[in-house]
Amino acid sequence: MHFDVVIIGGGAGGLELAAQLGRHLGKHLGGEHVLLVDRFPFHIWKPTLHEVAAGTLDAHQEGLSYPVLARRNHFSFAMGEFSALDAQRKTITLAEIRNGDGELVVPQRVISFKRLVLALGSGSNSFGTPGIEHAYLLENVRDAQRFHTDWLSASSRASFATDRSLSIAIVGAGATGVELSAELLEAHAALLQSQGSAQRFRLDITLVEGSGRILAGLPERISEQATVALRRKGVNVLTDTRVVELRKGTLVTSNGEIHADMIVWAAGIKASDANAALGLEVNRINQFVVDDHLRTSVPDVYAMGDCAACPWTEEKTVPARAQAAHQQATYLARVLGALQREQEVNEAFQYKDFGSLVSLGDNKGVGNLMGGLAGKNFFVEGLIAKWMYMSLHLMHHRAILGSVKTALLAFARLLQQRVSGRLKLH
Ligand SMILES: Cc1cc2nc3c(=O)[nH]c(=O)nc-3n(C[C@H](O)[C@H](O)[C@H](O)COP(=O)(O)OP(=O)(O)OC[C@H]3O[C@@H](n4cnc5c(N)ncnc54)[C@H](O)[C@@H]3O)c2cc1C
């Protein structure tokens, strides 16, 4: 099997790239130019994983099937786990797929390429903390669904227990930890409403952060507003508290022990250890080192999104954010489209930071918008910030579905929520 462009990873960046390139190159030739590979059969936009975990978003309704997206956007799709790269022969290997009984379903496949794009994303960073196996992670849809199932059963247990309480500790107060805290409180309120007074229980959330403030990567004003909002909702926000060990039901921290029925690890970012074995240059968190044209250390192999360390300023690399993956997808679509026509784009990739928005549940958000009028930095909060936050998800859908289908999908989901309620209870 051969494709001109093979993209591995159908996430926030890789899927947008496949859709743009497919529409550009594959329209008249039926999708044999561009191949997208992913280990899952359907796509969920990663910034919504905390909603899947809380049950305020149903992954099966929200998930967009890759084969359908491929047909509509004129690219091909192969489901499989990327397991090896032969840079000399210009081939990749996808591992065999077996079913739950261990029977072979799809054999190992070797695919040759002219150009390869790695868009493999990243996970959290345990920083070598002992006992990490006692924590839930939030790295993919499977993790989020597992947490959701267990939190529903822990909630049922709590509502029949003598103390009628459930404690959840979230380690790491970046966007993931902050948004998950707020979303769980919202899900808890909806759960109590649907269960009635006989099954009431208290939800105690502790958000633990090693540095001096939550959302440490964002401007101080955003951290302050988010801290006030979370504390007002009853979240126990602990800063300057480093987690040194996890035990079943306990966090051992630099300031003492914290009991928690469930622990979620949402700290740091790190790309897969497997990246270091591919023969490409990687940094200390396993990101592929790329130049300002997103080229790795091997010719014709590019990397983008969270798995790439791309130069930004003198000291910093481009941050691991959905908006960076989106901008890199647009850039690479232009570069690879031109190369297919045997032209070249000399212009380097330049990341533009448009600011950050964080959801605080209850139709509230907080954030900053950069580079607006006269290059000023605007602070936004409340409902406006929440709407802007939601519009980022719609923009991602628009890039892969087009405007009309995005509007239809948003309307269909609104109707579905009216009929079935917002919280997924099964
Ligand atoms: C809960 C949460 C909230 C977030 N909120 C925000 C936010 O508000 N704003 C923001 O800008 N960013 C946010 N982020 C970060 C954002 O999601 C990432 O920066 C973005 O998704 C990166 O895009 P990507 O394409 O590089 O990787 P991803 O979107 O992670 O996609 C990687 C893809 O690669 C596939 N893959 C990985 N390894 C393999 C393999 N070996 N074989 C086959 N397929 C493979 C995966 O299945 C996945 O589909 C959030 C992240 C989380 C977890």
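## Things to note about the pairing of strand S10 (residues 109-118)
With seven of 10 residues buried, S10 lies mostly within the body of the structure. Note: strand S1 (residues 2-8) against S10, six bridges, orientation parallel. Residue Ile 8 lies in a different strand from S10, and its bridge partner there is Leu 118. Inspection of the sheet shows strand S7 (residues 91-94) paired to S10 by four bridges, in the antiparallel sense. Bridging from a neighbouring strand, Ile 92 pairs with Ile 111 of S10. Here S10 pairs with strand S19 (residues 301-303) via three bridges, running parallel. By the bridge assignment, Leu 118 is partnered in S19 with Ala 303.

## Remarks on the site of the ligand
The environment of the ligand is formed by 31 residues, the closest being Gly 13, Asp 38, Phe 82, Asp 306 and Ala 322. At a separation of 2.6 Å, an oxygen atom of the ligand approaches a polar side-chain atom of Asp 38. One of the backbone N or O atoms of Arg 39 is found 3.2 Å from a nitrogen atom in the ligand. Ranked by residues supplied to the shell around the ligand, first place goes to helix H8 (residues 322-340) with three residues. Per-class residue counts for the shell around the ligand are 13 nonpolar, 11 polar and seven charged. Taken together, domain 1 (2-123 + 269-340) and domain 2 (132-265) each give at least three residues to the shell around the ligand, which thus spans both.

So, how was this worked out
Residues numbered from 1 in each chain as written. Predicted model: local features only at pLDDT ≥ 70, side-chain atom pairs only at ≥ 80, totals over all residues. Heavy atoms only, no water. Buried < 20%, exposed > 50% of the residue type's maximum accessible area, 1.4 Å probe, protein only. Helix = DSSP H or I, 4+ residues; strand = E, 2+ residues; numbered from the N terminus. Pairing = 2+ DSSP bridges. Near = heavy atom within 4 Å. Polar contact = N/O pair within 3.5 Å; in protein donor to acceptor, adjacent residues only side chain to side chain. Nonpolar A, V, L, I, M, F, W, Y, C, P; charged D, E, K, R; others polar. Domains from an automatic or database assignment.

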